[in-house]
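Listed below, chain by chain, are the residues.
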Amino acid sequence: MDKHDGGDTGDVRFDDPWYDALASGWGELDGTGALAPAVPAARSEHEGRSGGAAHVYLEVQRSAAFQEVRGRYRRFVIPAVAVFFPWYVGYVVTATAAPGFMARPVAGMVNVALLAGLGQFLTTFLLAWAYARHARLRRDRAALELRWDTQEMTRNARGGER
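Residues numbered from 1 in each chain as written. Predicted model: local features only at pLDDT ≥ 70, side-chain atom pairs only at ≥ 80, totals over all residues. Heavy atoms only, no water.

Asker: Quick question: what am I supposed to make of the overall build of the chain here?
Answerer: The helix and strand inventory of the chain stands at four helices and two strands. Along the chain direction, N to C, the helices and strands of the chain fall in the order α-α-α-β-β-α. Taken across its 162 residues, the chain has 19% of its residues classed as buried. When contacts within the chain are restricted to residue pairs at least 6 apart in sequence, long-range pairs at least 24 apart make up 64% of them. (Helix = DSSP H or I, 4+ residues; strand = E, 2+ residues; numbered from the N terminus. Buried < 20%, exposed > 50% of the residue type's maximum accessible area, 1.4 Å probe, protein only. Contact = heavy atoms within 4.5 Å.)

Next up, the structure:
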């Protein structure tokens, strides 16, 4: 479909405060030969108002709900990285520094390097599963509620415009 019904696309408003950039507009020309802006122009008209969207985001960032969501994220990610990263680096360093140890047979053609390599895959998948489960059970609902509250506050800061 080459054409669409509707008005000038320059008048389109983006009411979702989480919508930061036009994915299809990146690197495209704006008709004058210059690169199109990555952020829609409709967003900048509210920045000059006192108590605008920028104020709302700062208020949300300082809120207890936001701090709780970020804290839940950190309480999972920091220990996970503290465990997984040394395990990964240890595998690489051991494979490089101790090839004799890694070549030691365990059962038939299976050696320590093969088991450790398979262990890397296993722990990566376990970590991804644990992260998704943690996000679903501990953060997603709170983050969604925070998002809806933020959208409502932003809408109110704009004077209820749609």
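Here the narrative resumes, following the displayed structure.
Asker: What's the story with the confidence of the model for the chain in this structure? I'm lost.
Answerer: In regions of low pLDDT, the predicted coordinates are not meant to be interpreted in detail. Scored by pLDDT, the chain comes out at a mean of 76, with 66% of its residues at no less than 70. Here residues 18-26 is a poorly scored stretch, pLDDT under 50, and it has 17 contacts once near neighbours within four places are set aside; other chains count. Contacts for the low-pLDDT stretch residues 37-49, under 50 throughout, to residues beyond four places or in other chains number 25 contacts. (pLDDT = per-residue confidence, 0-100.)

Asker: For this particular structure, what's the right way to read the side chain of His134?
Answerer: If you trace the backbone, His134 turns up in helix H4 (residues 112-157). In contact with His134, other than residues within four places in its own chain, are Arg72, Phe76 and Arg139.

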